[in-house]
Amino acid sequence: MNKPTDLKGLVLDPVTNDQRYIGNSEPRHGARRLLEGQGTYIDDIQLPRMGHVVFWRSPVAHMKINKIHTEQASKMPGVLAVVDGVQMAKVCKPWVATLGHLAGMKSAPQHALAVDRACWQGEPVVAVVAETRAQAEDALQLVDVEWEELPAVISMESALDPKTPLIHPELGDNLCFTRSLDVGNVDEAFASADVVAEATFGFGRHTGVTLEPRCQIADYNPGERRLTVYHSQQAPHMMQDLYCRQFGLSESDVHVICKDVGGSFGIKVHAYPDDFATVGLAMMLERPVKFVADRLESFTSDIHAREHRIKGRIAANKAGDILAFEIDDLTGIGPYSMFPRTSAIEGNQVVNLVGGPYKHQNYRAHLNVVFQNKTPTCQYRGVGHPIACAVTEGLVDLAAQKLQMDPLEFRKRNVIPDDAYPCSGISGIKLEVLSHEQCLRTIEKMMDYPALRKEQAELRKKGIYRGIGFATLIELTNPSPAFYGVGGARIASQDGASVRLDPSGVVSVLVGVGEQGQGTEGIYAQIAADAVGVSINQVRIVTGDTDVTPYGGGTWASRGAGVGGEAVLLACQALQENILKLAGAILNRPVSELRVYCSYVLDKATGEQLLPFSEIGRIGYFRTDTLPAGFSADLMVTRHYTQKDYPFIFTNGVQASYVEVDPDTGFVKLLKHWAVEDCGRVINPMLVNEQVRGAIVQGIGGALFEECLYDDSGLLRNGSMADYLVPMAYEMPDIEVAHVETPTQSSKLGAKGAGEAGTAGAPGAVQNAINDALAPFNAAVFEQPITSEKILRAIKKI
Amino acid sequence: MSLKKKISMTVNGNLVNAEVEPRRHLVDFLREDLHLKGPHLGCEQGACGACTVKVDGQIIRGCLYLAVQADGCVVETVEGLTKSGVLADLQESFMRHNAMQCGFCSSGMLLAAAELIEKQPKANREEVREWISGNYCRCTGYHSIVDAIVDVLDARAKGQKIKPVSAHA
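(A) Looking closely at the sheet that holds strand E21 (residues 495-501) of chain A. Residue and element names in this part refer to chain A. Reading across from one edge, E23-E22-E21-E27 is the order of the 4 strands in this open sheet, with mixed pairing throughout. At either margin of the open sheet sits one strand with a lone partner, and together these are strand E23 (539-543) and strand E27 (636-641). Ignoring strand direction, the axes of neighbouring strands in this sheet form an average angle of 20°. Where E21 lies against strand E22 (residues 507-511), 5 bridges are found, and the strand directions are antiparallel. Looking at E22, one finds that arginine 500 is bridged to serine 508. Across the sheet, helix H15 (residues 520-533) is in contact with E21, E22 and E23; its angle to E23 comes to roughly 135°. Sheet contacts for helix H16 (residues 560-587): E21, E22 and E27; angle to E27, the most-contacted strand, approximately 145°.

(B) How the structure looks around the interface of chain B and chain A. The interface of chain B with chain A comprises 54 residues on the first partner and 59 residues on the second. Summed over both partners, the interface of chain B with chain A comes to about 5,000 Å²; 54% of that surface belongs to carbon and sulfur atoms. Here chain B is connected to chain A by 7 salt bridges. Across the pair B:Arg125 and A:Asp734 runs a salt bridge, and its minimum N-O distance is 2.8 Å. On the surface where chain B and chain A come into contact, there are 34 residue pairs in polar contact (both at pLDDT 80 or more). At 6 residues, the largest contribution of residues to the side of chain B that touches chain A is made by helix H3 (residues 88-97) of chain B. Considering only residue class, the side of chain B that touches chain A consists of 21 nonpolar, 21 polar and 12 charged.

(C) Spatial organisation of the sheet that holds strand E4 (residues 58-61) of chain B. All names here are of chain B. The strand order across the open sheet built from 5 strands is E2-E1-E5-E3-E4, with neighbouring strands paired in mixed fashion. Looking at strand neighbours, the two that pair on one side only are strand E2 (14-20) and E4, the edges of this open sheet. On average, each strand axis in the sheet is inclined to that of its neighbour by 40°, with strand direction left out of account. Bridge count between strand E3 (residues 52-55) and E4: 4 bridges; the pairing is antiparallel. Looking across to E4, one finds that valine 55 is bridged to glutamine 58.

(D) Main features of the side chain of A:Asp241. All names here are of chain A. Here aspartate 241 is to be found in helix H7 (residues 236-247). In this structure aspartate 241 comes out as buried when scored by relative accessible area, which is 1%. If we ignore the near neighbours within four places in the chain, the residues touching aspartate 241 are Glu251, Arg490 and Tyr551.

(E) Highlighting the pairing of strand E13 (residues 289-292) of chain A. All names here are of chain A. Here E13 shows no split at all, with Val289 and Phe291 on one side and Lys290 and Val292 on the other all buried. Relative to E13, strand E1 (residues 51-57) is paired through 2 bridges, and the arrangement is parallel. Bridge assignment links glycine 51 to a residue of E13, and that residue is valine 289.

(F) Inspection of the packing of helix H18 (residues 685-705) of chain A against helix H19 (residues 757-774) of chain A at higher detail. Residues and elements named next belong to chain A. Running from amino to carboxyl end, H18 crosses H19 at an angle of 50°, the nearest separation of the two axes being 7 Å. Here H18 lies oblique to H19, going by the angle between them. Read as a crossing pair, H18 and H19 show a hand that is right-handed. Taking contact as the criterion, the partners of Val692, Ala695, Ile696, Gln698, Gly699, Ile700, Ala703 and Leu704 in H18 are, on H19, Gly758, Thr759, Ala762, Pro763, Val766 and Ile770. Residue composition of the contact of H18 with H19, grouped by class: 10 nonpolar, 4 polar and no charged.

(G) Looking closely at helix H1 (residues 26-33) of chain B. All names here are of chain B. Taken across its 8 residues, H1 has 6 buried, putting it largely inside the fold. Listing the buried residues of H1 in full gives Leu26, Val27, Asp28, Phe29, Leu30 and Arg31. Next to the buried residues of H1 lie strand E1 (5-11), E2, E3, E4 and strand E5 (74-76). Phi turns positive, to about 60°, at histidine 35, one or two residues after H1.

(H) Geometry of the nonpolar core. Ranked by internal contacts, the top residues of the largest apolar core, which has 128 residues, are A:Tyr243, A:Phe276, A:Phe325, A:Tyr363, A:Met447 and A:Phe650. When residues in this core are grouped by element, the largest group, 10 residues, is from helix H11 (residues 385-403) of chain A. With 93 residues, the next largest nonpolar core counts A:Val781, A:Ile786, B:Tyr142 and B:Val165 among its residues.

(I) Here's a closer look at the confidence of the model for chain A. Scored by pLDDT, chain A has a mean of 97; 99% of the residues are at 70 or more. Across residues 1-9 of chain A the pLDDT falls below 50, and counting only partners more than four positions away or on other chains, this stretch makes 18 contacts in the model.

(J) View of the layout of surface pockets. There is about 1,100 Å³ of room inside the largest pocket. If you trace the largest pocket, you find 45 residues lining it, with A:Arg133, A:Ala134, B:Arg24, B:Asp28 and B:Glu32 closest to the centre. Of all the elements in the fold, those that place two or more residues in the lining of the largest pocket are E1, helix H5 (133-140) and E13 of chain A together with E2 and H1 of chain B. With 6 residues, H5(A) is the single largest residue contributor to the lining of the largest pocket.

(K) Up close: the packing of H7(A) against helix H8 (residues 273-285) of chain A. All names here are of chain A. The N-to-C vectors of H7 and H8 enclose an angle of 60°; their axes lie 11 Å apart at closest approach. Relative to H8, the element H7 is oriented oblique. In this structure, H7 meets H8 at a crossing whose hand is right-handed. Here H7 contributes Met239, Leu242, Tyr243, Gln246 and Phe247 to the contact with H8, which in turn contributes Asp275, Phe276, Val279, Gly280 and Met283. Classifying every residue of the contact of H7 with H8 by side-chain character gives 7 nonpolar, 2 polar and 1 charged.

(L) Examining the packing of aromatic side chains more closely. Residue and element names in this part refer to chain A. This model, assessed by the stated rule, comprises 17 aromatic pairs over all chains. Ring centres of phenylalanine 55 and phenylalanine 291 lie 5.3 Å apart, and the angle between their planes is 70°; on these two criteria the pair is classed as edge-to-face. A residue pair is termed long-range when its members are at least 10 positions apart, and phenylalanine 55 in strand E1 and phenylalanine 291 in strand E13 qualify at 236 residues. Each of the two residues, phenylalanine 55 as well as phenylalanine 291, counts as buried. Seen from their ring centres, phenylalanine 299 and tyrosine 724 are 5.1 Å apart, and the 50° between their planes marks the pair as tilted. In this pair, phenylalanine 299 is assigned in helix H9 (residues 295-301) and tyrosine 724 in the loop between H18 and strand E30 (734-739), connecting sequence segments 425 residues apart. Comparing phenylalanine 299 with tyrosine 724 shows no difference in burial state: the two are buried. A network of ring pairs unites the aromatic residues Trp95, Tyr243, Phe247, Phe276 and Phe339 as a single cluster. The residue whose ring lies beneath arginine 20 is tyrosine 597, and the NZ or CZ to ring-centre distance is 5.6 Å. Against the face of phenylalanine 190 rests arginine 313, its NZ or CZ located 3.7 Å from the ring centre.

(M) Region of the structure containing empty space enclosed by the protein. Residues and elements named next belong to chain A. A full pass over the atoms with the stated rule returns 11 cavities of 30 Å³ or more. Looking at the largest cavity, its volume works out to about 680 Å³. Considering the residues around the largest cavity, the lining is formed by 45 residues, among which Gln518, Thr555, Ser558, Gln691 and Gly755 are closest to the centre. Only H15, H16 and H18 provide two or more residues apiece to the lining of the largest cavity. Per-element accounting of the lining of the largest cavity gives the leading share, 3 residues, to H18. Residues that form the lining of the largest cavity fall into these classes: 19 nonpolar, 20 polar and 6 charged.

(N) Layout of the state of the cysteines. All names here are of chain A. A complete count under the given rule lists 0 disulfides over all chains for this structure. Of all cysteine sulfurs, the one in cysteine 244 lies closest to cysteine 92, which takes part in no disulfide; the gap is 12 Å. Considering cysteine sulfurs only, cysteine 258 is the nearest to cysteine 215, which forms no disulfide, with 10 Å between them.

(O) Quick peek at H11(A). All names here are of chain A. Counted at 1.5 Å a residue, the expected span for H11 with its 19 residues is 27 Å, and the 26 Å between its end C-alpha atoms agrees. Judged by how many residues are buried, H11 sits mostly within the fold: 17 of 19 residues are covered. Just downstream of H11, glutamine 404 is the residue with a positive phi angle, here 55°.

Procedures and definitions
Residues numbered from 1 in each chain as written. Chains lettered and ligands numbered in written order. Predicted model: local features only at pLDDT ≥ 70, side-chain atom pairs only at ≥ 80, totals over all residues. Heavy atoms only, no water. Pairing = 2+ DSSP bridges. Helix = DSSP H or I, 4+ residues; strand = E, 2+ residues; numbered from the N terminus. Axes fitted to C-alpha atoms, helices over the stretch in contact; angles between N-to-C directions. Contact = heavy atoms within 4.5 Å. Buried area = accessible area lost by both parts, 1.4 Å probe. Salt bridge = Lys/Arg side-chain N within 4 Å of Asp/Glu carboxyl O. Polar contact = N/O pair within 3.5 Å; in protein donor to acceptor, adjacent residues only side chain to side chain. Nonpolar A, V, L, I, M, F, W, Y, C, P; charged D, E, K, R; others polar. Buried < 20%, exposed > 50% of the residue type's maximum accessible area, 1.4 Å probe, protein only. Parallel < 35°, antiparallel > 145°, perpendicular 65-115°, else oblique. Left-handed = near helix turned anticlockwise from the far one by under 90°. Core = buried A, V, L, I, M, F, W, Y, C linked by side-chain atoms within 4.5 Å. pLDDT = per-residue confidence, 0-100. 1 Å grid on protein atoms, 1.4 Å probe; cavity = no way out; pocket = protein on both sides within 12 Å on 5 of 7 lines; lining within 4 Å. Points joined across faces, edges and corners; volume = space filled by probe spheres on them. Phe/Tyr/Trp six-rings, centres within 6.5 Å; stacked < 30°, edge-to-face > 60°. Lys NZ or Arg CZ within 6 Å of the ring centre and 35° of its normal. Disulfide = S-S within 2.5 Å. Expected span 1.5 Å × (residues − 1).

Written as structure tokens, this is what we have:
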């Protein structure tokens, strides 16, 4: 199932007594159901008396709302309610999305439905609820809003100019957050350098395009005074908490259920105005209300990400040592910081991560995060990493080029050595243990680098322009409370697992982290089977239900394996201990003489099967009268895990891209992509491969195709899947993946995250490969997406 | 908009009589009136392929096809094709390669792949990529889907069945 290269390096000591599943490419738990069309996504759920909501959204980037006429719409067939922002504000409080630890950060209060003003095209203004979606859409045509257009801030470049209008006058300017960092002696390093290279990097806005749009059903039961929300979401407990706070309910009054989620990528980890509006409507109407965004709504109201312009430079000496990096990052985030994670995190990550893989000692960074009248931006897969990596690796290649050094050799010389850990990165990040050198050696071999360079040189003589590009990267995973908790956001960094031996001997595992397709439930089943000591088909996993799973943070910052998986391991090992204690009591033998294997308690010395788990279950639940006085069977245990040793556990990896550029058309053909990934202990190589590959293709999307384009008045020009290009199968290369395993010591499992490094590295690798191909033309492009037009301009063909 | 038209069709082997508004597209009819969960709506613009179903033996975009157009036709969805075993080899191979993540594209992808296997049994890797380029997958990066389809093509060429993988709940 995996090529030999996929499995190289998987030589870690087992983490459990009888390890049978951890480390293997087990078929994924739950996959068959999805392949048979039996998944349950939000739109598959139909509740009695359910209404459907659609929104009248701002048609322009910035407008004043003068008057809203709803009479005609209200009279349409099937209409249950037409609600505006003033009415909605009576049930749902406004919010301000800032974090305390991002010093000086500011944002304005935001409402579930716009009050007085709408600040981006697509902001919800009026909600129409009807018995069917078609009826609601029919009635929407008759909602009449009297509005006048206000001056809009579109370009982030001019957002801070004194002449530019203020989006929120009470904030004093259009600056959301600013940060400066100056470490070492940057001026001296640049002054003494033999080589200085610089470039301005541009990144287009893009968005996640989850195939299942954002959607939810809110159901308020007035008898119980209880709110149930079926939600396509990554963080159910976070949403439970937010609904409590915005609607004045207590946690026990709110139940959030996430069944199958059709793609998330960070798009579904935020709280959107229409989420709150849908809940508010269900409470007003005392009946279920379903919201499913259509694709145009997705493009204008799902978070966007990654609009940055970064001036960067690098200093190096003749010997080939990187001496310093300096960057100036400007990023635009829309009119509000997004709730509750805030839109300043992405730029902050760029500052943290630029130059991160390298051992240089001088770094200066400046960041301005500005408001604009465009769709709000926030965390999307990789958060800041693809930007930081493309800037760092672009500068590294420029320096290597000036020094006439091979880019791979230059990297080998400059990465932080594998024996230097733990250490701090120059921006202050704490690095536990990384494997840059090993990863670089692995990729060199995997891609047969010398042969590839030879092929490139030969083809170049024939007028075929191919390029090889590398990107070394670090990725932060397994976050501690340093990410959100310390800033005042009620987003759990800990996660929990409850595990129960059922009477029949089946193991039920309830986990706070849920499944959006990554295979999270699959790896939990593997961990549970090994740690309790049962076959994997004897394990049942339950996630995505705040009423039954332990309180946790959910899916973000690649924490599912490292944090959720550790909680599962701890809970399951504790259950095995309890099973042994109970067996000891039943058999009247010391626990030290017993062990567990494949759903049986065995005699440790002889391996004789003494008790099947079904018998343990039978006695533990139904015949407790036969157990010693005061003995409690405790066949359900809960354990929580929080990573506290470091702010984050960093992973690392390296990618390489091989491309061909047609200088006549500017067309880029991706020939091959390689990735070496070190995510600590690999629980399921196949699933990690697929996380890496999927993430790489999303990164390639940003590098070559994807961009939310706006016109000068702030209107989105490409709000459909036909206009907004995402990678399709034909344009994508085969992607070879290899693993290096450097487990984290911060947990027993040793797993780090694997979900985002692919997205982090691909744009840098592809950009460098294109620029390598363009080297004979003495041209380079640093503006993503790198379109044919930009290439042709760079080589002065147009 | 309340003008309704009587239609009749066979859906996954069952005769269905219904009254629908002429504007109702086929997938809304299958999902909302017949409560099928297999065909999904990703874009309703014909771009993503998640709504792919079969009408009279040919795959179509269910969001660009009106329910009234299917009057008198044989309609098959992933549910029916699973039951009849038509997709069995592909489903096993998709399982083996983890050729799906969130699963939202899978029913459309499987139907497209099944048609490829039928119409182009000697397709190479590049041709497989080209064939499925009408179906978005946002999760996998396509590599595993291509692997899964190529395995089925290879097995068919040798007259073999794909061995079932052990299925967990």
